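Structural features, examined
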Amino acid sequence: MKETQTLETKNASIGTTERICGSEAIVRCLIEEGVDILYGYPGGAIMPVYDELYKYQGKIHHVLTRHEQGAAHAAQGFARISGRVGVAMATSGPGATNLITGIADAQIDSTPMVCITGQVPSHLLGTDAFQETDIIGISTPVTKWNHQVTKASEIPEVMAKAFYIAKSGRPGPVLIDITKDAQFGELDFKYEKCTGVRSYIPVPKTNLETVKAAAELINSAKKPMIVWGQGVILSEAEEQLKAVIEKSGIPSAWTILGASAIPTSHPLNIGMVGMHGNYAPNKLTNECDVLIAIGMRFDDRVTGDLSTYAKQAQVIHFEIDPAEVNKNVHADVAVLGDAKASLTQLLPLLNENSHDAWLQEFKDLYAEEFEKVIQNDIHPTKEGLTMGEVLNEINKRSEGNAAIVSDVGQHQMIACRYSEFNKTKSNITSGGLGTMGFALPAAMGAKMAAPEREVVAIIGDGGYQMNIQELGTIFQQKIPVKIVVLNNEFLGMVRQWQQLFFDKRYASTEMTNPDFVTIAKGYYIEARRVTKREELADAVKEMIASKESYFLEVCVEKEDNVFPMIPSGASVSDIRLS
C-alpha cells in the first residue's frame, strides 16, 4: 500500500479542464468527493488552502477545533456514525504530528479518514526549516496509504486516490502532505474519481466452495457460537447477520466495535466478549464445537491466552482482510470477502435450526452474572452512585436510540456492557488503540454527521481533561451534544489493576479535579452536578430533553471495579465475577 510512485489508477472522468491554483484544487477535490464538513486548525504551511476555503464557505463547513488531535477524533466520530470518509486538516510540523494519535486510532479501528497536512516549500525539504517534520515517515506505520505532493499538477489524482483507498475494502486513514509551493502553483484542473488502483485488491473474491464448507460445518454443529465484529457494520451487513442468526438459531456475541449491529434485546444476542465482557460468551467460547467469527480480528482482549482459546472448536473466519486470517487464531475454514456478500451467499445454504439446550447454558450463566454483578451495578444497594445505574437511567430516557460515544477506561466498559442499542452505528469508542481523550471530539463529529440522532458522550474524569478544550468548539459551533462525566477522582481502570494486582499501591492514579460544572458554564454550556441517587433521574431527564449542548457530572463511587474480568494473559475460561 506504500508503493506511492508505482500505483496506477483507474478514474471516472467528471468535469472539464480549468486553470486554477493548487490550493483551490484541493478544495475543489473535496467538494467533488462530497465533503461538506471538515475539521482542522490553520497554520502557515496550510494557509493557502484556508484562504480558498474562505471563498467556498457556502459549500464546505470548516470546523475550527481547539487542537489538531480533536480534529482527527472529530473526523473519526463523523465517519463512524455516517459511514462516510471523515476529513481533518492541519499545518506542518506540530500541527501534523498532533494528528498522529487520531490517525493511529483510525488505522487500528478501520475508520475511513483523509488527513491533509501542509508542508514547507519543496526546496526546503530536508533542511530542518521552520515547522518542517517528516510526516510521511512518521505516519507510514499508522496509515493505510500516504503521499507527499510537491507539484500542483499531482493534486487531483492523489486526492482521488486518497478517498478511494480510505473507503474501499477494509477502511482506514490516508494522509496527504502538500508542500506550500504545490498549493501556490497552477494546474489545469479536471477531477476524475478513482475507481481502482493497480496491485490493490480491496475486496478479495469470495470462493463459493469455502462458503459451502462453512455452511456444512454450521449445519452439523451441536454447540455453535457466532462472534461478530465491526466488519459487519462497515460492510452494512446487519440485516444479513440477523437473518443468518435467526435461521441457524446460533447464540451470537459481539466485540465492543461490533456492538449495535443487531439490537441488544434480540433473543439470540448473548452479549459482549472480551476482558470485561459478559460471563457466558467468554466462558462458553471454550465449550463451543464451531466458532464462527464474522468481521473481527481475534484481538488479544477478546482471546486472552491464545494457547487455550477455543482449542476444542472448529473455527470459521469471515474476513475481508487476508492478513487477519490465521494471524492469531487458526481458521479451519476461511471465507474471504465482504461480509455482506459472504453472508448473503451463506444464508440459503443454512438449515433452519435451533439450539435451545445450548442457548439455555448461556441463559444460566447470565443469571449467575446478573445475581453477582449486573444487579449490583444497575440497582445498587450501596449509598454511593455507580456507573452502571447512570447508564441504566440514560437507557430509560433515550429508549435505546442514542448513539453512545465513550472514552477509554472503566466507564467505557460499563457503557459497552449496559447501553441498550436499537440502531446500528450506535456504539462509538476507541477500541484497538484505547485512546483517552477520544470521546469529546468524536461525539462532536458524530452529532454533526447525524444531527437527527441523540449523541451522548460517556467520559471519565481523566480522559475528559485530555481534550476538555473542545468545549470551545462545541460552544462556537453550537453542537447539541450531551456530555456525561462519571467522576470517581481516579484513573479508574489503572487503579482497579493496582488494587487487584499491585496490592493497592495507587501510584499516580488519584485525581484532584477542577470544578467541571464551572468550566462548562464558562463555555456557556448548561451544566449540572449529581452527587445523590435521588437527583439522578431528574438530571438525566433534563439533559436528554435539552435541545442544546448539556454537561452532566455524576460523582460515583471512588473504588468500584468493573466485573466480570479476564486477568491479563489468562484464559477466557478464567473469567472472574469478583
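Residues numbered from 1 in each chain as written. Predicted model: local features only at pLDDT ≥ 70, side-chain atom pairs only at ≥ 80, totals over all residues. Heavy atoms only, no water.

1. A few points about the overall build of the protein
Short version of the rule: In this description a helix means any DSSP run of H or I spanning at least four residues, a strand means any run of E spanning at least two, and both kinds are numbered starting from the N terminus. As defined in this context, the radius of gyration uses C-alpha atoms, and a globule is described by 2.2 Å times the residue total to the power 0.38. Exposure categories follow from relative accessible area, calculated using a 1.4 Å probe and restricted to protein chains: below 20% of the type maximum is buried, above 50% is exposed, and the middle band is partly exposed. Contacts were defined at the residue level, with two residues in contact if any of their heavy atoms lie within 4.5 Å. Here the Shrake-Rupley method, with its probe set to 1.4 Å, supplies the accessible areas, and only the displayed protein chains count as covering residues. Counted as positive: Lys and Arg. Counted as negative: Asp and Glu, with His and the chain ends omitted from the count. The atoms used to mark charge sites are NZ of Lys, CZ of Arg, CG of Asp and CD of Glu.
Helix and strand counts for the protein come out as 23 helices and 22 strands. Relative to the globule expectation of 25 Å for 578 residues, the C-alpha radius of gyration of the protein, 24 Å, shows essentially globular dimensions. In terms of its C-alpha atoms, the protein occupies a principal-axis envelope of roughly 70 × 60 × 40 Å. Here the protein holds 578 residues, and the buried ones make up 60% of them. Sequence-distant contacts in the protein: of pairs separated by 6 or more residues, those separated by 24 or more amount to 77%. For the protein, the computed accessible surface area is about 22,100 Å², with 50% contributed by carbon and sulfur atoms. If the 54 positive side-chain charges of the protein are averaged to one point and the 71 negative ones to another, these points end up 2 Å apart.

2. Regarding the pairing of strand 22 (residues 550–555)
Rules: Strand pairing is assigned whenever DSSP detects at least two bridges linking the two strands. With the strands aimed away from the viewer, a crossover counts as right-handed if its path from the first strand over the helix to the second runs clockwise.
For strand 22, the tally of buried residues reaches five of six residues, placing the bulk of the element in the interior. Here six bridges tie strand 20 (residues 482–487) to strand 22, and the two strands are oriented parallel to one another. Residue asparagine 487 lies in a different strand from strand 22, and its bridge partner there is cysteine 555. Bridging between strand 21 (residues 526–530) and strand 22 involves five bridges; their strand directions are parallel. By the bridge assignment, alanine 527 is partnered in strand 22 with phenylalanine 551. Note that the unit made of strand 21, helix 23 (residues 533–545) and strand 22 has a crossover that is right-handed.

3. So, the nonpolar core
Which entries qualify depends on this criterion: Remark: nonpolar core denotes a set of buried residues (Ala, Val, Leu, Ile, Met, Phe, Trp, Tyr, Cys) joined through side-chain atoms within 4.5 Å.
Grouped together as the largest cluster of nonpolar side chains are 96 residues, with contacts concentrated most on Leu291, Leu346, Val484 and Val554. Broken down by element, the residue count for this core peaks at seven residues, all from helix 15 (residues 356–378). Leaving out residues up to four positions away in the same chain, valine 554 has contacts with Leu385, Val390, Val484, Val485, Leu486, Asn487, Val530 and Leu536. If you look at the next biggest cluster of nonpolar residues, it comprises 52 residues, including Ile81, Cys115, Ala403 and Ala443.

4. A look at the pairing of strand 5 (residues 86–90)
In terms of burial, strand 5 is largely enclosed, as five of its five residues are buried. Neither face of strand 5 is left uncovered, since the one carrying Gly86, Ala88 and Ala90 and the one carrying Val87 and Met89 both have all their residues buried. Relative to strand 5, strand 3 (residues 37–40) runs parallel, the two being bridged by two bridges. By the bridge assignment for strand 5, glycine 40 is matched with methionine 89.

5. With respect to the sheet that holds strand 11 (residues 224–228)
Heads up, the condition is: Only the stretch in contact is used when fitting a helix axis, every axis being a line fitted to C-alpha atoms; angles between N-to-C directions are given from 0 to 180 degrees.
Taken in spatial order, the six strands make up an open sheet running 13-12-11-14-15-16, and their pairing is parallel. Each end of this open sheet is capped by a strand with a single partner; those strands are strand 13 (269–272) and strand 16 (333–336). Put simply, the sheet's adjacent strands are angled 20 degrees from each other on average, direction ignored. Against the sheet, helix 14 (residues 339–346) touches strand 14 (290–294), strand 15 (314–319) and strand 16, its axis set at about 130 degrees to strand 15.

6. Side note on the pattern of salt bridges
The line we're drawing: A carboxyl oxygen of Asp or Glu within 4 Å of a side-chain nitrogen of Lys or Arg is what we treat as a salt bridge.
Tallied over the full model, the rule gives 28 salt bridges. For the salt bridge of arginine 297 with aspartate 299, the shortest nitrogen-to-oxygen distance reads 3.5 Å. Using a relative accessible area of 22% as the deciding quantity, one classes arginine 297 as partly exposed. Within the structure, one salt-bridge network assembled from shared partners comprises Arg170, Asp321, Glu324 and Lys327.

7. Quick notes on the sheet that holds strand 19 (residues 455–460)
Strand order across the open sheet formed by six strands is 18-17-19-20-22-21, with parallel pairing between neighbours. Strands at the two margins of the open sheet, each flanked by one partner only, are strand 18 (427–429) and strand 21. Strand-to-strand twist of the sheet, defined as the mean angle between neighbouring strand axes without regard to direction, takes the value 20 degrees. Pairing between strand 19 and strand 20: five bridges, direction parallel. Of the residues in strand 20, the one forming a bridge with isoleucine 459 is valine 485. Against the sheet, helix 16 (residues 387–398) engages strand 17 (403–406), strand 19, strand 20 and strand 22, with an angle of about 160 degrees to strand 20. Across the sheet, helix 17 (residues 410–418) touches strand 17, strand 18, strand 19 and strand 20, and the angle it forms with strand 19 is around 140 degrees.

8. As for the environment of alanine 367
By the element assignment, alanine 367 lies in helix 15. For alanine 367, a relative accessible area of 44% puts it in the partly exposed group. As for alanine 367 and glutamate 324, which are separated by 43 residues in sequence, their C-alpha atoms are 35 Å apart.

9. What about the side chain of histidine 317?
Defined as follows: We define a polar contact as two N or O atoms separated by no more than 3.5 Å, with the added condition that, inside protein, one atom must be a possible hydrogen donor and the other a possible acceptor, whereas residues neighbouring each other in sequence contribute only through side-chain atom pairs.
For histidine 317, the location among the structural elements is in strand 15. Looking at histidine 317, the relative accessible area reads 0%, which means it is buried. From its side chain, histidine 317 meets the backbone oxygen of methionine 296 in a polar contact 2.9 Å long. If we ignore the near neighbours within four places in the chain, the residues touching histidine 317 are Ala293, Met296, Phe298, Glu324, Val325, Ala331, Val333, Ala334 and Val335.

10. A look at helix 14
Heads up, the rule is: Along the arc lie the directions from the helix axis toward the C-beta atoms.
Inspection of helix 14 places Ala339, Ser342, Leu343 and Leu346 among the buried residues, and these make up the whole buried set. The arc that holds every buried residue of helix 14, seen down its axis, measures 95 degrees, which confines them to one face. For helix 14, the elements touching its buried residues are helix 9 (208–220), helix 10 (231–234), helix 11 (238–248), strand 14, strand 15 and strand 16. One side-chain oxygen at the N-terminal end of helix 14 lies 3.1 Å from the backbone nitrogen of lysine 340; it belongs to aspartate 338.

11. Comments concerning the environment of valine 484
Mapped onto the fold, valine 484 is located in strand 20. Spatially, the C-alpha atoms of valine 484 and isoleucine 292 are 36 Å apart, while their sequence positions differ by 192 residues. Each residue touching valine 484, except ones within four places of it in the same chain, is listed here: Val390, Ile394, Val456, Ala457, Ile458, Ile459, Met543, Leu552 and Val554.

12. Structural notes on the packing of aromatic side chains
Under the convention used in this document: The aromatic pairing rule takes the rings of Phe, Tyr and Trp, using the six-membered ring of Trp, and pairs them if the centres are within 6.5 Å, calling planes under 30 degrees apart stacked, those over 60 edge-to-face and the rest tilted. Counted as over-ring charges are cases with an Arg CZ or a Lys NZ within 6 Å of the ring centre that also lie within 35 degrees of the ring normal.
The tally for this structure, following the rule as stated, stands at ten aromatic pairs. Taking the centre distance of 6.0 Å and the plane angle of 85 degrees together, the rings of tyrosine 164 and tyrosine 200 count as edge-to-face. One end of the pair, tyrosine 164, is in helix 7 (residues 155–167); the other, tyrosine 200, is in the loop between strand 10 (192–197) and helix 9, and 36 residues separate them in sequence. Across the pair, tyrosine 200 and tyrosine 164 agree in class, each one buried. Relative to phenylalanine 551, the ring of tyrosine 464 lies with its centre 5.5 Å away and its plane at 25 degrees, an arrangement referred to as stacked. Of this pair, tyrosine 464 sits in helix 19 (residues 461–464) while phenylalanine 551 sits in strand 22; the two residues are 87 residues apart in sequence, bridging distant segments of the chain. For tyrosine 464, a relative accessible area of 1% corresponds to the buried category. A relative accessible area of 0% places phenylalanine 551 in the buried class. Ring pairs connect the aromatic residues Tyr464, Phe516 and Phe551, which therefore count as one cluster. Directly above the ring of phenylalanine 490 sits arginine 495, whose terminal nitrogen or CZ lies 5.8 Å from the centroid.

Such coordinate-based values are descriptive only and should not be taken to indicate function.
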